[in-house]
Amino acid sequence: MKMRAATAADIPALKSLLRRSWLATWAPELAFETVQRFAALDPAGQYAQDKWREFVVLENEGALLGMFHIEGNHLHAIHLDPRHKRQRIGSQLMDEVERRIGLNHHEAELEVRGFNAGAIAFYRQRGWRQRRAYQDTECGEPVETFAMVKTLDQH
């Protein structure tokens, strides 16, 4: 497996990865109308198109297994291919996220939807803690969101 900066050639695979990740994790928790809005507006595809230059990807033999996007000390996104869950890909990605943020910051932060119990448990297991809960929206639907932080020792 190889961790590297995304390239323009990755855009189609990134769009597919982000769409599948959202549909597998979030769609079951949201109203049908929200999922329809997601399909019509394609925020995942637009995000990949607009921000790919800031993404780091994990690939294996040419297949994109996961990605993350950090800015400063904030993890904006981390996604892995749903077909490859439970293979430590998320741990590899988070190890690199925390390492990179820790180079310049004492604390890392992220936001996670309240319904994403698997991700919340994963973050807590890694030492992340909830700072606050608030209402946000996902494709127009109100959702509870948690701001989480982790103190990094590397800085």
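Relevant structure appears above.
Let me begin by describing the structure that accompanies this report. (Residues numbered from 1 in each chain as written. Predicted model: local features only at pLDDT ≥ 70, side-chain atom pairs only at ≥ 80, totals over all residues. Heavy atoms only, no water.)

**Points about unusual backbone geometry**
Note: most peptide bonds trans; most residues except glycine with negative phi.
Then comes step 1: You will see that R88, though not glycine, has its phi angle at about 70°, which is positive.
Then comes step 2: Along the chain, the position of R88 falls in the loop between β4 (74-80) and α4 (89-104).
Then comes step 3: Judged by relative accessible area, which is 58%, R88 ranks as exposed.
Then comes step 4: Within the chain, C139 stands out as a residue other than glycine whose phi angle is a positive 50°.
Then comes step 5: Summarising the element assignment, C139 is placed in the loop between β6 (129-138) and β7 (141-151).
Then comes step 6: Classification of C139 as buried rests on a relative accessible area of 16%. (Helix = DSSP H or I, 4+ residues; strand = E, 2+ residues; numbered from the N terminus. Buried < 20%, exposed > 50% of the residue type's maximum accessible area, 1.4 Å probe, protein only.)

**Topic: α4**
Then comes step 1: An ideal rise of 1.5 Å per residue puts 22 Å on 16 residues; α4 measures up with 24 Å between its terminal C-alpha atoms.
Then comes step 2: Buried within α4 are the following residues: I89, G90, S91, L93, M94, E96, V97, E98, I101 and G102. (Expected span 1.5 Å × (residues − 1).)

**Describing the nonpolar core**
A general feature of soluble globular proteins is that nonpolar side chains tend to end up buried together.
Then comes step 1: Formed by 23 residues in total, the largest nonpolar core has its most connected members in F68, L75, V112 and Y123.
Then comes step 2: Counting only elements with at least two residues in this core, the list comes to β2 (55-60), β3 (63-71), β4, α4, β5 (107-113), α5 (117-125) and β7.
Then comes step 3: At 5 residues, α4 tops the list of elements feeding residues into this core.
Then comes step 4: Sequence-distant contacts of V112, that is, excluding residues within four places in its chain, are made with A119, I120, Y123, E144, T145, F146 and M148.
Then comes step 5: In this structure, L14, L17, L18 and A44 belong to the second largest nonpolar core, which totals 21 residues. (Core = buried A, V, L, I, M, F, W, Y, C linked by side-chain atoms within 4.5 Å. Contact = heavy atoms within 4.5 Å.)

**Some words on the packing of aromatic side chains**
Then comes step 1: Under the counting rule described, the total for this entry stands at 6 aromatic pairs.
Then comes step 2: Aromatic pair W22 and F38: ring centres 3.7 Å apart, planes at 5°, arrangement stacked. With W22 in helix α1 (residues 11-25) and F38 in helix α2 (residues 32-41), this residue pair connects regions lying 16 residues apart in the sequence.
Then comes step 3: With relative accessibility at 4%, the residue W22 sits in the buried group.
Then comes step 4: With centroids separated by 5.2 Å and ring planes inclined at 55°, the aromatic side chains of Y47 and F55 adopt a geometry described as tilted.
Then comes step 5: Ring pairs connect the aromatic residues W22, W26, F38 and F115, which therefore count as one cluster. (Phe/Tyr/Trp six-rings, centres within 6.5 Å; stacked < 30°, edge-to-face > 60°.)

**Description of the environment of W52**
Then comes step 1: By the secondary structure assignment, W52 is in the loop between α3 (43-51) and β2.
Then comes step 2: Among all residues touching W52, those that are not within four sequence positions of it are A6, T7, A8, I11, L14 and Y47.

**A look at the side chain of S91**
Then comes step 1: Tracing the chain through its elements places S91 in helix α4.
Then comes step 2: On the accessibility criterion, S91 (11% relative accessible area) is buried.
Then comes step 3: Contact partners of S91, with chain neighbours within four places excluded, come to F122 and R126.

**Quick look at the packing of α1 against α2**
Then comes step 1: For the pair α1 and α2, interaxial distance at closest approach is 12 Å and the crossing angle is 180°. Regarding the angle of α1 to α2, the classification is roughly antiparallel. Contact with α1, carried on its side by R19, W22 and L23, involves T34, V35 and F38 of α2 and no other residues of that element.
Then comes step 2: Here the residues of the contact of α1 with α2 sort into 4 nonpolar, 1 polar and 1 charged. (Axes fitted to C-alpha atoms, helices over the stretch in contact; angles between N-to-C directions. Parallel < 35°, antiparallel > 145°, perpendicular 65-115°, else oblique. Nonpolar A, V, L, I, M, F, W, Y, C, P; charged D, E, K, R; others polar.)

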